[in-house]
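Survey of secondary and tertiary structure
One-letter residues, chain by chain:
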Amino acid sequence: AMDWQGLTRELSLYLESQVRVGFFGSGVGLSLVLGFGVAYACYYLNSIAKKPQLVASNDRFCRFLEEYCPVVTETYYPTIWCWEGRVQTLLRPFITSRPQVQYRNELIKTADGGQISLDWFDNDDSSYYPDASTRPTVLLLPGLTGTSKESYILHMIHQSETLGYRCVVFNNRGIAGEELLTPRTYCAANTEDLETVIRHVHSLHPSAPFMAAGVSMGGMLLLNYLGKTGRDTPLMAAAIFSAGWNVFESVESLEKPLNWLLFNYYLTTCLQSSINRHRQMLEKLFDMDLVMKARTVREFDKQFTSVMFGYRSIDDYYEDASPCRKLKSVGIPVLCLNSVDDVFSPAHAIPVETAKQNANVALVLTSCGGHIGFLEGIWPRKCTYMDRVFKQFVQAVFEHGNKIFSM
């Protein structure tokens with residue numbers, strides 16, 4: 001790291017030489033500004049910029065990460081003017097750039113007569129992997145109302161492109177512009193559609209190394225799938241970002257007045273508009289007027305999601321949707337990044353003790369970063385800390401994966 005004390009000292013000397021203090025007032029003003037600047041810099045370096053906490057019981061997995069994914073052991077310097085979790089969460093979609101990605105869309109059929117929209121980034125110009133049959137493939141799962149157009153998905157594809165990999169984005173049913181053919185959407189607990197997609201992608205490229213990355217609800221869905229399948233999956237490994245570990249704790253946190261105002265209400269209206277497009281199809285099974293009256297995610301899940309997937313109560317659904325219960329059964333290497341100031345996944349609900357009991361699991365916990373925030377640099381348009389974790393871990397798995405459990 002830089003010599004911050006020396007830097008601030010030189011800066012203050014430079015400013016004093018530039019501003020000739022002609023009268024008492026401006027001198028005091030300058031001293032105050034400099035004093036505040038130095039104090040803020042000291043506070044930031046002592047309390048904000050920190051190394052993440054790496055939780056992993058398996059020494060080999062730890063050594064593998066330290067060698068091939070060193071970003072998880074380095075100090076994370078959040079953007080100095082917006083390090084607070086809520087601010088990072090709110091600003092990221094507006095600040096970060098949107099890399100250009102040309103997709104090839106594929107609609108696949110499901111056993112119940114529905115359809116799933118996949119967006120492929122084939123990377124046919126890959127110089128590292130010119131043979132498409134063995135080109136490593138990353139399956140990407142966006143968040144609750146997210147699609148292949150989210151900036152964080154575009155950035156992951158951009159990172160994968162530079163490494164020569166192929167990506168495919170799993171858009172949840174009815175969310176990416178395609179029609180609903182049956183009155184069914186998606187939820188964090190039901191892994192049937194994800195199983196269909198993984199089987200399909202693997203059958204197209206059976207010789208290609210294959211892994212997955214899930215963000216927010218996509219991460220929860222992926223963890224629930226891995227907890228269910230154990231080692232019986234074609235995936236080599238998985239990366240999970242900003243997952244909500246315990247849904248009861250997540251919705252409770254999001255119902256606090258400020259969080260409701262900033263996130264919960266908006267998220268609820270997003271959910272409502274995503275199903276309102278399919279109103280004619282869904283009206284066969286639901287009282288849509290009642291669903292559209294929901295003012296919180298919990299009310300929406302009570303009237304809609306838990307009913308659609310046949311749960312006796314919303315508590316049964318939330319119990320089933322919480323990945324913390326499935327973590328002990330995960331059978332492939334999984335890296336999970338969370339920030340402890342994420343209001344969508346409160347720190348006390350992160351299953352640190354359970355993670356320590358599974359040799360396949362590593363948690364990376366930052367002190368700042370919010371929910372899918374992880375902004376860094378003075379003007380954080382390009383790459384976030386999350387993007388760098390994604391890039392290094394995916395590359396580590398594809399290029400050195402055989403070393404994870406043989407080191």
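Residues numbered from 1 in each chain as written. Predicted model: local features only at pLDDT ≥ 70, side-chain atom pairs only at ≥ 80, totals over all residues. Heavy atoms only, no water.

**Looking at the pattern of salt bridges**
Per the stated rule, a full pass over the model turns up 18 salt bridges. With a closest N to O distance of 3.1 Å, Asp124 and Arg135 form a salt bridge. Taken as a pair, Asp124 in the loop between β3 (115–121) and β4 (137–141) and Arg135 in the loop between β3 and β4 lie far apart in primary sequence, 11 residues in all. What makes Asp124 exposed here is its relative accessible area of 56%. By sharing partners, the salt bridges in this structure join Asp112, Arg173, Arg184, Glu192 and Asp193 into a single network. (Salt bridge = Lys/Arg side-chain N within 4 Å of Asp/Glu carboxyl O. Helix = DSSP H or I, 4+ residues; strand = E, 2+ residues; numbered from the N terminus. Buried < 20%, exposed > 50% of the residue type's maximum accessible area, 1.4 Å probe, protein only.)

**Focus on the nonpolar core**
Counting 69 residues, the largest nonpolar core has Leu139, Leu222 and Leu363 as the members making the most contacts within it. Tallying contributions element by element places helix α7 (residues 217–229) first for this core, with seven residues. The residues that make up this core include at least three from each of domain 1 (47–245 + 324–405) and domain 2 (247–321). Ignoring any residue separated from it by four or fewer positions in sequence, one finds Leu139 in contact with Val168, Phe170, Leu194, Val197, Ile198, Phe210, Met211, Ala212 and Ala213. Judged by nonpolar contacts, the second largest core, of 50 residues, contains Cys167, Leu337, Val389 and Phe390. (Core = buried A, V, L, I, M, F, W, Y, C linked by side-chain atoms within 4.5 Å. Domains from an automatic or database assignment. Contact = heavy atoms within 4.5 Å.)

**Quick look at the packing of aromatic side chains**
Within this structure, the stated rule accounts for 15 aromatic pairs. When the ring of Phe248 is compared with that of Tyr318, the centres are 5.9 Å apart and the planes differ by 85 degrees; the resulting orientation is edge-to-face. Residue Phe248 is located in helix α8 (residues 247–254), and its partner Tyr318 is located in helix α13 (residues 314–321); the two are separated by 70 residues in the primary sequence. Among the aromatic side chains, those forming a connected cluster through ring pairs are Phe248, Tyr311, Tyr317 and Tyr318. (Phe/Tyr/Trp six-rings, centres within 6.5 Å; stacked < 30°, edge-to-face > 60°.)

**Considering the domain arrangement of the chain**
Partitioning the chain into structural domains gives domain 1 (47–245 + 324–405) and domain 2 (247–321). Centre-to-centre separation of domain 1 and domain 2, based on C-alpha positions: 24 Å. With 33 residues of domain 1 at the contact, the number on the domain 2 side is 28 residues. For the pair domain 1 and domain 2, the two sides together bury roughly 2,500 Å², of which 66% comes from carbon and sulfur. On the surface where domain 1 and domain 2 come into contact, there are three salt bridges. A salt bridge links Glu179 to Arg277, with the shortest nitrogen-to-oxygen separation between them at 3.7 Å. On the surface where domain 1 and domain 2 come into contact, there are 10 residue pairs in polar contact (both at pLDDT 80 or more). Of the residues in the side of domain 1 that touches domain 2, the class split is 16 nonpolar, 11 polar and six charged. (Buried area = accessible area lost by both parts, 1.4 Å probe. Polar contact = N/O pair within 3.5 Å; in protein donor to acceptor, adjacent residues only side chain to side chain. Nonpolar A, V, L, I, M, F, W, Y, C, P; charged D, E, K, R; others polar.)

**A look at the pairing of strand β8 (residues 334–339)**
Buried residues dominate β8, accounting for six of its six residues. Burial along β8 is two-sided: Val334, Cys336 and Asn338 and Leu335, Leu337 and Ser339, pointing in opposite directions, are all buried. As paired elements, strand β7 (residues 238–241) and β8 share four bridges and run parallel to each other. Its bridge partner being in β8, Phe241 is matched across the sheet by Leu337. Taken together, the six bridges between β8 and strand β9 (residues 361–366) define a ladder with parallel strand orientation. Counterpart to Asn338 in the pairing with β9 is Leu365. (Pairing = 2+ DSSP bridges.)

**What to know about the environment of Asp112**
Examined against the element boundaries, Asp112 turns out to sit in the loop between β2 (104–109) and β3. Along the chain, Asp112 and Val389 lie 277 residues apart, while their C-alpha atoms are 37 Å from each other. Residues within four places of Asp112 in sequence aside, it is in contact with Arg173, Thr182 and Arg184. Of note is the side chain of Asp112, whose polar atom sits 2.5 Å from the side chain of Thr110.

**Some points on the UniProt feature "domain: AB hydrolase-1" (unreviewed entry) in the chain**
Taken from the UniProt record, the annotation "domain: AB hydrolase-1" (unreviewed entry) applies to residues 136–377. Secondary structure within residues 136–377 divides into 41% helix and 14% strand; the distance between the first and last C-alpha atoms comes to 30 Å. (UniProt positions renumbered as here; feature names shortened; annotations may be inferred.)

**A few points about the side chain of Arg184**
Relative to the helices and strands, Arg184 resides in the loop between β5 (166–171) and α6 (192–204). On the accessibility criterion, Arg184 (16% relative accessible area) is buried. Of note is the side chain of Arg184, whose polar atom sits 3.1 Å from the side chain of Asn190.

**Remarks on the side chain of Asn171**
Turning to its location among the elements, Asn171 is positioned in strand β5. The class of Asn171 is buried, set by a relative accessible area of 0%. A distance of 3.0 Å separates the side chain of Asn171 from the side chain of Asp119, its partner in a polar contact. From its side chain, Asn171 meets the backbone nitrogen of Ser148 in a polar contact 3.0 Å long. Look past the residues within four positions of Asn171 in its chain and what remains in contact with it is Ile116, Ser117, Leu118, Asp119, Thr147, Ser148 and Ala176.

**A word on empty space enclosed by the protein**
Applying the stated criterion across every chain yields a total of two cavities of 30 Å³ or more. Lining the largest cavity are Phe170, Asn172, Arg184, Thr185, Tyr186, Cys187, Asn190, Thr191, Asp193, Leu194, Leu221 and Phe309. By residue class, the composition of the lining of the largest cavity is six nonpolar, four polar and two charged. Looking at the second largest cavity, its volume works out to about 50 Å³. Lining the second largest cavity we find Arg92, Thr96, Ser151, Tyr152, His155, Ile372, Gly373, Thr384, Met386 and Asp387. The set of elements that each furnish at least two residues to the lining of the second largest cavity consists of α5 (151–163) and α15 (385–400). (1 Å grid on protein atoms, 1.4 Å probe; cavity = no way out; pocket = protein on both sides within 12 Å on 5 of 7 lines; lining within 4 Å. Points joined across faces, edges and corners; volume = space filled by probe spheres on them.)

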